[in-house]
Amino acid sequence: MKTQQELAEIAGKFAISGKITEVKPLGNGLINDTFKVSTDGPDAYVLQRINNAIFQDVELLQHNIEAVTRHIRTKLEGNPDIRRKVLEFMPLKDSAKTYWTDGETFWRISLFIPDAITYEAVTPEYSYYAGKAFGNFEAMLADIPDTLGETIPDFHNMELRARQLREAVAADKAGRMADPRVKALVEEIFEYEEEMTKAERLFREGKLPKRICHCDTKVNNMMFDKEGNVLCVIDLDTVMPSFVFSDFGDFLRTAANFTAEDDPDTSKVGFNMEIFKAFSKGYIESAKVFLTALEKEMLPFAACLFPYMQCVRFFADYINGDTYYKIKYPGHNWDRTLNQWALFKSAEGKLDEMKAYIEAL
């Protein structure tokens, strides 16, 4: 862990204004270490250590973020509150680069957005705000001229995830395929494989586009002003080309589950249609300017796809012997698998209702 003096020295390598007066931890992010840098000037800053174990191409990561924030800034030109409406990353004092590295760790700094708050609550109201904000985020980037890369390659590639499950089953490293419950669930999951991998096939056929998406659509990845108005979308590390299903389905996977994703009591699991309707309403209000008829039609598919995909990922890790996701007890990944399978089945049972609602919007 860096000392405050060491953190101040790193922050001082960037083109910030004022003398640094304090550096203290900020937030509770799971991936990057984040600090607030206070100065004797009018601005404060956010210093982050980039987790280059997850984001292995930091040059590409920052290229994506710079392109996205630059393009949004041009869309907001003339807005008197522009400094709170889009993230602003500072270059180094001696370079145009927006990150610094000592060869092992990587750091960046952005302008701190004052008088802004985030919410953790997943209610119909905030789900509507989230849908509108993330739909608007995609809409503003629909005509971005820059080419962006995948910061985490194949992040939401269902064909890859299905293949990884097949490989786990074949290798059976932890000997868990001997359990008849495991074998039965494998067979049931693969009955849906063709349907759940249709997005990749439609893309190859030229029928489904990839968009610039956020790919980490949580309620707390939006900032609000004190009056409750959305200011901007934050946490841009996963912004990359993907299907719109990434932003739509991933939000609902967590927000529309009546319980936590690792609750072992699957009787508590269920797909919350009120959250679905609120998020869908906000999303389509913003995204309808660019959505194709097929993308809109397939949004209910996205609501089923993401619990299915996460189920497959938890299951593959369980069969492999729990080597990827951190577990709190033996069988944790098995409980997660059953939870997400129950959520998938619940969402699938509401497909007709979802389709009717989307068609009416």
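All values reported here derive from a predicted model rather than from experimental measurement.

## Focus: empty space enclosed by the protein
- All told, the structure shown has one cavity of 30 Å³ or more when counted by the stated rule.
- The volume enclosed by the largest cavity comes to roughly 70 Å³.
- Lining the largest cavity, in full, are His-156, Met-158, Met-196, Ala-199, Glu-200, Ser-242, Phe-243, Phe-245, Ser-246, Leu-305, Phe-306 and Met-309.
- Of all elements in the fold, only α8 (198–204), α9 (245–255) and α12 (299–320) reach the threshold of two or more residues within the lining of the largest cavity.

## Topic: the layout of surface pockets
- Size it by volume and the second largest pocket reaches roughly 350 Å³.
- Lining the second largest pocket are 19 residues, and of these Ala-133, Asn-136, Val-230, Leu-231 and Cys-232 sit closest to its centre.
- Elements supplying a minimum of two residues to the lining of the second largest pocket: α2 (58–75), α4 (124–140) and β8 (230–233).
- Broken down by class, the residue content of the lining of the second largest pocket amounts to 13 nonpolar, four polar and two charged.

## Notes on the environment of Phe-106
- Of note, Phe-106 is situated in strand β5 (residues 106–111).
- The exposure class assigned to Phe-106 is buried, which follows from its relative accessible area of 17%.
- Spatially, the C-alpha atoms of Phe-106 and Ser-346 are 42 Å apart, while their sequence positions differ by 240 residues.
- The residues touching Phe-106, leaving out its near neighbours within four places in the chain, are Gln-48, Arg-49, Ile-50, Asn-52, Val-58, Tyr-99, Trp-100 and Thr-101.

## Some thoughts on the packing of helix α10 (residues 273–287) against helix α14 (residues 351–360)
- At a minimum axis separation of 11 Å, α10 and α14 run at an interaxial angle of 30°. When the axes of α10 and α14 are compared, the pair comes out roughly parallel. With respect to the hand of their crossing, α10 and α14 are arranged in right-handed fashion. Together, Met-273, Phe-276, Lys-277, Ser-280, Lys-281 and Ile-284 of α10 and Glu-353, Met-354, Tyr-357 and Ile-358 of α14 make up the contact between the two elements.
- Each residue belonging to the contact of α10 with α14 can be placed in one class, and the counts come to six nonpolar, one polar and three charged.

## Description of helix α6 (residues 180–190)
- Within α6, the full set of buried residues consists of Val-182, Leu-185, Val-186, Ile-189 and Phe-190. Down the axis of α6, the sector holding all buried residues measures 125°, keeping them to one side.
- Taken together, the buried residues of α6 touch α5 (158–171), α7 (193–196), α12 and α13 (332–348).

## Focus on the packing of α2 against α4
- Here α2 crosses α4 at 95°, and the two axes come no closer than 10 Å. By the criterion of interaxial angle, the relationship of α2 to α4 is roughly perpendicular. The segment α2 lies against α4, with Val-68, His-71, Ile-72 and Lys-75 engaging Phe-137, Ala-139 and Met-140.
- Considering only residue class, the contact of α2 with α4 consists of five nonpolar, one polar and one charged.

## Notes on the pattern of salt bridges
- Counted by the stated rule, this structure contains 23 salt bridges.
- For Asp-322, the salt bridge is made with Arg-176, and the minimal N-O distance between the two is 3.0 Å. Remark: Arg-176 occurs in the loop between α5 and α6 and Asp-322 occurs in the loop between α12 and α13; sequence separation between them is 146 residues.
- For Glu-295, the salt bridge identified is with Arg-211, shortest N-O distance 2.8 Å.

What counts as what
- Residues numbered from 1 in each chain as written.
- Predicted model: local features only at pLDDT ≥ 70, side-chain atom pairs only at ≥ 80, totals over all residues.
- Heavy atoms only, no water.
- 1 Å grid on protein atoms, 1.4 Å probe; cavity = no way out; pocket = protein on both sides within 12 Å on 5 of 7 lines; lining within 4 Å.
- Points joined across faces, edges and corners; volume = space filled by probe spheres on them.
- Helix = DSSP H or I, 4+ residues; strand = E, 2+ residues; numbered from the N terminus.
- Nonpolar A, V, L, I, M, F, W, Y, C, P; charged D, E, K, R; others polar.
- Buried < 20%, exposed > 50% of the residue type's maximum accessible area, 1.4 Å probe, protein only.
- Contact = heavy atoms within 4.5 Å.
- Axes fitted to C-alpha atoms, helices over the stretch in contact; angles between N-to-C directions.
- Parallel < 35°, antiparallel > 145°, perpendicular 65-115°, else oblique.
- Left-handed = near helix turned anticlockwise from the far one by under 90°.
- Arc of directions from axis to C-beta.
- Salt bridge = Lys/Arg side-chain N within 4 Å of Asp/Glu carboxyl O.

Coordinates in, geometry out; function isn't part of it.
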